[in-house]
Every structure is written in C-alpha cells, then in structure tokens.
Amino acid sequence: MKKNKIPLWLFGGLLFILSSCLGNDEIGLNDRNLSNCQIATFSLSCDSISGLSTTKFTIDQVNGLIFNKDSLPYGTNVNFKVICTLTYAAGSITSVEVHQKAIDKKEYWNASDSLDFSDEVIFYIISYNGKESKSYTAKLNVHQQNPGLMEWSRDENPLPASRATDRKVILHGDSYLMYVKNADGYELYRSRVSDANNWTKQPLTGLSDNKTFTLSQITEYEDNLYLPSSDGALYCSAEGQDWTRVENTPEIVALPGTVCVAPELKRPSALSAVIRDGDAWLFAAMNISGQWQKGKEVPEGFPITGFASNSYTQMYYSHLVIVAGKDRNGGLSNKSWDTMDGLAWICLTGSGKNYFTQREGLMLADYDDKFYLTGGIDASNQGLKDIYTSADKGVTWALADSLTFLPETYQGRGFASMLVDKDNFVLLFGGKERNEANMSDELWRGRINRLGYKD
C-alpha cells in the first residue's frame, strides 16, 4: 500500500503552526538563524585536478570573497567540472543561485551539480526566511608565473660615468658605492640600496691619479675597505671616500678576500692576500690588529687577477672561495680554490674537470642557496653570458637551468659587479664585452619568480 505524502504547502503550514506554538528557539529556528545567509565552509574536489581536494580556502565574510591563498602550481589545468561542497552558518538556506563566468551561465544550484571554476563563480545565498541575501565571489587561484623562471630586465636609467674604463660596485653599510676609473682619474658615486638608480657623486681622496688600483679587488674587512695598488701598496678607507696608505705591509700582489671570524672554533677573521717576498710568492693574512702572518708558497696556476671570490660560513667553519681568473704567467683558469685562514689554499676542482671554459672577470654570488657564476672574458677575448651553479660551494659546477639564462638582448661581458639585494634580485652593474672595451653603463636585474612570492 502506498504511503500518502504530505503536500509541500501543508508541510509549510505545519511548520508555521509549530513555530508559533512552540517558539522558534524550541525547534532550532531563532530569528538569527532564519536570516543568516553566510557560508561557513567551502571545499572543492575533482579527481582530474591534483591536490584540489586538500586545498584550503579562505572565506572573507566582509567582502564576500572565497579564495585559496596558496595557489595551485603553475600549469595546473583547471578546465574541468568540480564538485563544490558548502556548509552554512544557519544550517539551512532557502536557495542558492550561481553564476559561472567561464560559461556565462546563471542558474539555481541544487548543491550536487558540478561547477566550472576555470573562472570566477558567484554564489547568491538567500536566507531561510527569504528576507536576507548575500553574494560570494569564489576564485580558484593558480600560479600565473613559472616559479622557476628567472625574469631579467634592464633599467632605463644608465649608470653614471659612461666612458669608464673600470667600474666596481660594492655594498658598504646601507649604501652602494660605485668606483669608476676614466680619463679624469678615479671617481666615487653613492646610491641607496633601496633603488640603485639615483647616484650622487662623492668626494674621493687618496687614490692618486698616477697610480693604478685594482678596483675589482676592493675588499671589506672588519668594517674597513682595502684596495691594492699596482706598486704593491695597500690602501684603506673607513667610509669609502678618504683613502690612506697602510704602513708596514708586505708587497701586495692580490687581495682574494676576507675569511670571516669563526667564534665557535676561536679562529679569528683574516684579510687574505698574495704577497711577493723577495723572489717568492706567498700567501699571507692580516688580522684585525693589522699584524701580518706569512703562509705557504703560492702554487702554479693560482689566480692573481680577474678571479671571483665569495666568503661563507658553514658548520662553524669560515671559508673564502675564489674561482677562475688569470695566474702570474698570464694563463686563464677555470678552477676553484678554498681557504679557511688565508695562509693555505686547496684546489677544489678535481684533476681533468672542466665544468666551464677558462676565463677572467667572471661574476660570483650566493643565490637560491647555491653559488651562481656568470660571464667573464675567455681566451679569445670574447664576453660570456653563460650561468653555472654549484650546490657544494665550488667543488662541482653545473650549467644552470635554461629558465635562468640571460636574455638575448644581454651582451656577454666580464668584470661586471654582481650583487643580490634584500628582495632576491640579482643586480649586474656594468661590465665590458672585451678586455680593451669601455665599461657598459647598463644595470640588469633578475629574479627567480618563486623567490619573490610572499609567504
């Protein structure tokens, strides 16, 4: 025997009578619930979209927005119908209408029909008592940038001193200092680290016009700057403007860089140098008190000019690494060398290993938890633009992913200044395409997209 169904209009009448006799609170339908039309939870699922079912969505009740803060990976295909599951703050809603922008369709939604989230979907919620309504715009975010792509751009503003024959930019304190050599001698320009575009010429004293200084080897040690000259002298400056000759120094041939202090090992910091002692070429180091100590003899093939250097601390040990360059006999190198005290160096590159071509004037920096190496001038006097990375601090090198390559409009060069700013941009200042060319006045910036994403 068939059961008699209660007509919908009669059920509504019974509900009205019950609510009148018992009161809304007694059946869970108070005035607040009757007029509440807020979405409480929101989720999506689709077997064809990886990770969608575990994606968390934020519901902005004030602005009526629903979105996933953590975007789906770049390249995720969302052109599928998905199941949408909602719960409501009131527990019950009279009706829901949706507008799917991807197909430009607006209709009442029965909560079981799949939806197209390849574009925004607008939900129109009507409260149980029919007196209130609220709309939500829901969006499924997908990264629009390839996270591994390094996007490069050239600044419109040229660097000062366009006819420079040598140029070096360093970070000192809260400023970039740019040292320039041109027909008029040596000049200094300063810029805030926040822009690197607006440069102001600064007074510069102590760098005599009748001497040649190796600008590429300006080294910061214990808050002071040091610079070698072609006659074997060493010059020092606290703020970068006023330079004086350091007395009682050995004959300086090169300044590879700084070995930072290692307090856990009670090992002091050191300014590393290559010196000439009579007919011998020796490693040497100066401590914070200005005292010098001689080290081992410099081996054949050790670079004296055109090398790139980088200091780092790892597992309580401080290291100074230099890469490539030109040795005392004029031979080019593609080796890496390491020291922990400036007095003894070891070659990191195994015999017969040629990870990249021999070169001088290359650029080196810490970036993306690796050493990044780029450019230089090779044996045929041609500027380079290849990029290599080392995950083991210079022991081995690999050609970088093509996504990080410099653009076609960038001309290969050496002797540029390479710095990394607080926003994870790599800055390439100047450089020259051949040894005898003038320095470029270009500033290039590049950043791997994922290093610019906010947490």
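All figures in this text were calculated on a predicted structure; none of them were measured in a lab.

What counts, and where the lines are drawn
Residues numbered from 1 in each chain as written. Predicted model: local features only at pLDDT ≥ 70, side-chain atom pairs only at ≥ 80, totals over all residues. Heavy atoms only, no water. Helix = DSSP H or I, 4+ residues; strand = E, 2+ residues; numbered from the N terminus. Buried < 20%, exposed > 50% of the residue type's maximum accessible area, 1.4 Å probe, protein only. Contact = heavy atoms within 4.5 Å. Areas by Shrake-Rupley, 256 points an atom, 1.4 Å probe, with all protein chains shown as cover. Disulfide = S-S within 2.5 Å. Pairing = 2+ DSSP bridges. Axes fitted to C-alpha atoms, helices over the stretch in contact; angles between N-to-C directions. Core = buried A, V, L, I, M, F, W, Y, C linked by side-chain atoms within 4.5 Å. pLDDT = per-residue confidence, 0-100.

Undergrad: Got a minute to help me understand the overall build of the protein chain in this structure?
TA: A count of helical and extended segments in the protein chain gives 2 helices and 34 strands. Principal-axis analysis of the C-alpha atoms gives the protein chain an extent of 115 × 45 × 40 Å. Taking all 455 residues of the protein chain together, 45% fall into the buried category. A separation of at least 24 residues holds for 50% of the contacts in the protein chain among residues at least 6 apart in sequence. Summing over all exposed atoms, the protein chain offers an accessible surface of approximately 23,600 Å²; the carbon and sulfur share of this is 48%.

Undergrad: Looking at this structure, I do not really get the state of the cysteines. What am I missing?
TA: Joining two cysteines, a disulfide is a covalent bond between their sulfur atoms. For the coordinates displayed, the defined rule picks out 0 disulfides. Cys46 forms no disulfide, and the closest cysteine sulfur to it belongs to Cys84, at a distance of 12 Å. Under the relative-accessibility criterion, Cys46 is labelled buried at 14%. For the unlinked cysteine Cys260, the closest cysteine sulfur is that of Cys236, found at 17 Å. A residue is classified by how much of its surface remains accessible, and Cys260, at 31% relative accessible area, is partly exposed.

Undergrad: For this particular structure, what's the right way to read the pairing of strand E28 (residues 363–367)?
TA: Taken residue by residue, a regular strand's side chains alternate between the two faces of the sheet. Counting buried positions along E28 yields 4 of 5 residues, so the element is predominantly enclosed. Judged from the 5 bridges that link them, E28 and strand E29 (residues 370–377) form a sheet pairing that is antiparallel. Paired with Met363 across the strands is Thr374, a residue of E29. Between E28 and E29, which pair antiparallel in sequence order, lie 2 residues; one of them, Asp368, sits at a positive phi of approximately 55°.

Undergrad: Teacher, can you tell me more about the sheet that holds strand E19 (residues 251–259) here?
TA: By way of backbone hydrogen bonds, the strands of a sheet pair with one another, either parallel or antiparallel. Read across the open sheet, the 4 strands follow the order E19-E20-E21-E22; overall the sheet is antiparallel. Strands with a single pairing partner mark the edges of an open sheet, and in this sheet they are E19 and strand E22 (292–297). On average, each strand axis in the sheet is tilted by 30° relative to the strand beside it, whichever way the strands run. The pairing of strand E20 (residues 270–277) with strand E21 (residues 280–286) spans 7 bridges and is classified as antiparallel. If you follow Ser272 over to E21, its bridge partner there is Ala285.

Undergrad: I would appreciate a short explanation of the sheet that holds strand E32 (residues 417–420) in the present structure.
TA: A sheet is described by the order of its strands in space; here 4 strands give the open sequence E10-E34-E33-E32, paired in antiparallel fashion. Of all the strands in the sheet, the pair left with one neighbour each is strand E10 (150–154) and E32. Sheet twist, expressed as the mean angle between neighbouring strand axes with direction ignored, is 20°. With 4 bridges connecting them, E32 and strand E33 (residues 426–429) associate as antiparallel partners. Paired with Ser417 across the two strands is Phe429, which belongs to E33.

Undergrad: Looking at this model, I keep getting lost on the pairing of strand E13 (residues 185–192). Mind explaining?
TA: Burial analysis of E13 places 6 of its 8 residues in the buried class, which makes it a mostly covered element. Looking at chain direction, strand E12 (residues 175–182) and E13 are connected through 8 bridges and run antiparallel. Opposite Tyr179, over in E13, you have Leu188 as the bridge partner. Two strands pair when backbone bridges link them, and E13 and strand E14 (residues 200–202) are joined in this way by 3 bridges, in the antiparallel orientation. If you follow Tyr189 over to E14, its bridge partner there is Lys201.

Undergrad: Help me understand the nonpolar core, please; the structure alone is not making it clear to me.
TA: When a protein is soluble and globular, its nonpolar side chains tend to lie buried together. Within the largest apolar cluster, 28 residues are counted, with the highest numbers of intra-cluster contacts made by Phe42, Leu44, Cys84, Trp109, Phe117, Phe123 and Ile125. Those elements giving two or more residues to this core turn out to be strand E1 (39–45), strand E4 (81–88), strand E5 (95–100), strand E8 (121–126) and strand E9 (133–139). The element that contributes the greatest number of residues to this core is E4, accounting for 4 residues. Not counting the four nearest positions on each side in its chain, Phe117 is found in contact with Phe42, Leu44, Val78, Phe80, Val82, Cys84, Phe123, Ala138 and Leu140.

Undergrad: In this structure, what is going on with the confidence of the model for the protein chain? I would like to understand it.
TA: In regions of low pLDDT, the predicted coordinates are not meant to be interpreted in detail. Per-chain confidence: the protein chain averages 90 in pLDDT, with 92% of residues scoring 70 or above. Within the model, the stretch residues 1–29 combines pLDDT values under 50 with 16 contacts to residues more than four positions away or in other chains.

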